[in-house]
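Below are the chains, spelled out letter by letter.
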Amino acid sequence: MPATRVKVPLLDLKAQYATLRDEIRPVVDEVFESQWFIGGPHVTGLESEVAAYTGAKAAVGCTSGSDALLLAMWALGIGPGDEVITTPYTFFATVGSIVRLGATPVFVDIEPDTYNIDIGRIAGAITERTKAIIPVHLFGQCVDMTKLAQIACDANLPVIEDAAQAIGTRDAGGGKAGSMGAVACFSFFPSKNLGGAGDGGMVTTNDEDLAHKLAVMRNHGMEPKYHHQLMGGNFRLDALQAAVLRVKLKHLDAWHEGRRTNAADYRRLFAEKGLAEITLPTERDGVYHIYNQFVIRVPAARRDALVEHMHEHDIGCEVYYPISCHQQECFAEFGYGAGDFPESERAAAETLALPIYPELTDEQKACVVDTVAEFLGG
Ligand SMILES: *Cc1c(COP(=O)(O)O)cnc(C)c1O
């Protein structure tokens, strides 16, 4: 039994907003008074601030993380007949964006400790049709970009970072997500570490020509007005989102630190319980993990019952992701099946994300750990 039972949601955005209300309301009012909803100073302001924050030369705002991926691949000319290498253990959009362009996803299994793509297996998946590699900095932990860059460079392939969960994570060499590939994609979905008041996304790159192309493509490929040399679409980030995100970006590093403190507290509290059946998240040496999620692993036979137990006691938790992408019905045409990516399948059966948001109290953290221990019998 926990010392004290308290409610713990998986994420508490109301608690965050309570600390931001006085900063957010004036900028929302300002956008409404200006009636400048598309483009404008908040969008360009956020773009330069995100470029500076990630260390990339340029940033282009767009509608969502999913569209950031689509736009990046489209701008790189990826389409039918092309293969794109990625991880099967990711949110659907990574793979969905490849397939929307008519290209073929080629999966490479994950490392069991970090859940990120197993870089050592990538070379074996490259063919003459491979056009790009998409690593996902899953749960907020940077992929080993130095090792990956070597493979990509040898094969002359662009790396497209799916940094949707990972704004602010740093690799062991100190480089930040978004500055180390050919192009990187971010999401401002509300549950990400930097979340908007709705959907939003960003593409970053060190290639100024590519940045220009992305900026033109996100507005119907239009340049100058009513002249279209390129195909594009409406992938614009709106001013209201940008204005809110600029306020929140100022707090982002403090929120990352809050999440990291919570992760350290969980490690200490779980160590005290001495639970043999639980595996805590691994941090790769030298990486700055931003803990978009704190994901534990338990035996597959007990995972779903643990989820039920947590929910019975008002503790939020979630399985990211219960089905590996290679087993999604809509990707059946690619011919993958059970057993093809055993580590990804095992992760889908064994993992569980616990609340890690920065506003968690000590009492809540203790209650989360006690409730897990109560079930696993510590
Ligand atoms: C959230 C997410 C996306 C998609 O971002 P949206 O803004 O929701 O479209 C893509 N990839 C990963 C890994 C994500 O977590």
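My aim in this report is to walk through the structure given alongside it, one point at a time. Quick caveat, the model's predicted, so the values are computed rather than measured.

Details of helix α9 (residues 300–312)
- Taking 1.5 Å per residue, 13 residues should reach 18 Å; α9 reaches 19 Å between its end C-alpha atoms and fits that length.
- Among all positions in α9, only Arg-303, Leu-306, Val-307, His-309 and Met-310 are buried. For α9, the angular spread of buried residues about the axis comes to 165°, placing them on one side. Within α9, the exposed residues directed more than 90 degrees away from the buried face are Ala-301, Asp-304, Glu-308 and Glu-312.
- In the core, the buried residues of α9 are packed alongside α10 (342–350), β9 (351–354) and α11 (362–376).
- The positive-phi residue at the C-terminal boundary of α9 is Asp-314, with phi of around 60°.

Quick look at the nonpolar core
- The biggest cluster of nonpolar side chains holds 30 residues, and the ones touching the most others in it are Tyr-266 and Leu-354.
- For this core, the elements supplying multiple residues, two or more each, are α8 (252–273), β8 (294–297), α9, β9 and α11.
- Apart from residues no more than four positions distant in its own chain, Tyr-266 is found in contact with Phe-294, Leu-354, Pro-355, Ile-356, Leu-360, Lys-365, Val-368 and Val-369.
- By size, the runner-up hydrophobic cluster in this structure holds 29 residues, among which are Ala-163, Ile-167, Phe-186 and Leu-252.

Topic: the packing of helix α2 (residues 41–54) against helix α7 (residues 239–249)
- Where α2 contacts α7, the two axes come as close as 8 Å, and the packing angle between them is 40°. It follows that α2 is oblique to α7 by the angle criterion. Between α2 and α7 the crossing geometry is left-handed. Of the residues in α7, those touching α2 at Pro-41, His-42, Val-43, Gly-45, Leu-46, Glu-49, Val-50 and Tyr-53 are Ala-239, Ala-242, Ala-243, Leu-245, Arg-246 and Leu-249.
- Residues belonging to the contact of α2 with α7 are distributed by class as follows: 10 nonpolar, 2 polar and 2 charged.

Thoughts on the side chain of Thr-371
- As for its placement among the helices and strands, Thr-371 is situated in helix α11.
- Sequence-distant contacts of Thr-371, defined by excluding residues within four places in its chain, comprise Pro-2, Arg-5, His-309, Met-310, His-313 and Ile-315.

What to know about the sheet that holds strand β4 (residues 130–134)
- A sheet is described by the order of its strands in space; here 3 strands give the open sequence β3-β2-β4, paired in parallel fashion. Unpaired on one side and paired on the other, β3 (104–107) and β4 mark the two borders of the sheet. Geometrically, the sheet is characterised by an average inter-axis angle of 30° between neighbouring strands, direction not taken into account.
- When strand β2 (residues 83–86) meets β3, the two strands line up parallel, connected through 4 bridges. Paired with Glu-83 across the bridge in β3 is Thr-104.
- Where helix α4 (residues 92–100) meets the sheet, its contacts fall on β2, β3 and β4, and the angle it forms with β3 comes to roughly 140°.

Quick look at the site of the ligand
- Close to the ligand lie 16 residues; Gly-65, Ser-66, Gln-165, Ser-187 and Lys-192 are nearest.
- A majority-of-atoms criterion places the ligand in the largest pocket.
- Looking at the shell around the ligand, the elements that each hand over two or more residues are α3 (65–75) and α4.
- Its residues assigned to classes, the shell around the ligand shows 6 nonpolar, 8 polar and 2 charged.

Brief notes about helix α1 (residues 13–34)
- Here α1 spans only 27 Å end to end across 22 residues, well under the 32 Å set by a 1.5 Å rise per residue.
- Of all the bends in α1, the largest measures some 70° and sits at Leu-20.
- Of the residues making up α1, those classed as buried are Gln-16, Leu-20, Ile-24, Val-27 and Val-31.
- In this structure, the buried residues of α1 make contact with α2, α7 and α8.
- Two residues or fewer past α1, Gln-35 is found with a positive phi of approximately 55°.

A look at empty space enclosed by the protein
- With the rule as written, the count across this model stands at 2 cavities of 30 Å³ or more.
- Computed from the structure, the largest cavity encloses a volume of approximately 100 Å³.
- Lining the largest cavity are 15 residues, with Leu-11, Leu-13, Gln-16, Asn-193 and Arg-259 sitting closest to its centre.
- Where the lining of the largest cavity is concerned, the elements lending two or more residues are α1 and α8.
- Partitioning the lining of the largest cavity into residue classes produces 6 nonpolar, 4 polar and 5 charged.
- Built from parts of two domains, the lining of the largest cavity gets at least three residues from each of domain 1 (16–249) and domain 2 (252–376).
- Residues that form the lining of the second largest cavity fall into these classes: 6 nonpolar, 5 polar and 1 charged.
- Looking at which domains feed residues into the lining of the second largest cavity, each of domain 1 (16–249) and domain 2 (252–376) gives three or more.

Quick notes on the rules
For every chain, the first residue of its written sequence is number 1, and the numbers climb from 1 along that sequence. Note on the predicted model: pLDDT of at least 70 is required for a residue's local features to be given, and 80 or more for side-chain atom pairs to be given and counted; whole-chain, interface and lining totals, by contrast, use all residues. Only hydrogens and water are set aside when side-chain values are computed; all heavy atoms of the structure are taken into account. By definition, any uninterrupted DSSP run of H or I lasting at least four residues is a helix, any uninterrupted run of E lasting at least two residues is a strand, and each is numbered from the N terminus. To estimate the expected span of a helix, subtract one from its residue number and multiply by 1.5 Å. Using a 1.4 Å probe on the protein chains alone, a residue whose accessible area is under 20% of its type maximum counts as buried, one over 50% counts as exposed, and one in between counts as partly exposed. An arc is given here, and it is the one of the directions from the helix axis to the C-beta atoms. Here, two residues are considered to be in contact whenever any of their heavy atoms come within 4.5 Å of each other. Among the buried residues, those of types Ala, Val, Leu, Ile, Met, Phe, Trp, Tyr and Cys that are joined through side-chain atoms within 4.5 Å form a nonpolar core. For helices, the axis comes from a line fit to the C-alpha atoms of the stretch in contact; other axes are also lines fit to C-alpha atoms, and the angle between any two N-to-C directions lies between 0 and 180 degrees. The cut-offs work like this: below 35 degrees is roughly parallel, past 145 is roughly antiparallel, 65 to 115 is roughly perpendicular, and the gaps in between are oblique. Rotating anticlockwise by less than a right angle from the far helix to the near helix defines a left-handed crossing, while the corresponding clockwise rotation defines a right-handed one. Asp, Glu, Lys and Arg are counted as charged, while Ala, Val, Leu, Ile, Met, Phe, Trp, Tyr, Cys and Pro are counted as nonpolar; the rest, among them Gly, fall into the polar class. When DSSP locates at least two bridges between a pair of strands, those strands are taken to pair. Throughout, near means a residue has at least one heavy atom within 4 Å of the molecule or strand. Lining residues are those with an atom within 4 Å of a point, where the points come from a 1 Å grid over the protein atoms alone and group into cavities, where a 1.4 Å probe fits but cannot get out, or pockets, open sets with protein on both sides within 12 Å along at least five of seven lines. Cavities and pockets are treated as containing a molecule whenever more than half of the molecule's atoms lie within 2 Å of their grid points. Working definition for bend: take the seven residues up to and ending at a residue and the seven starting at it, fit an axis to each, and measure the angle between the axes. Grid points are joined across faces, edges and corners, and a volume is the space filled by probe spheres set on the points. Domain borders in the structure are assigned automatically or taken from a domain database.

Worth remembering: the numbers are spatial, not functional.
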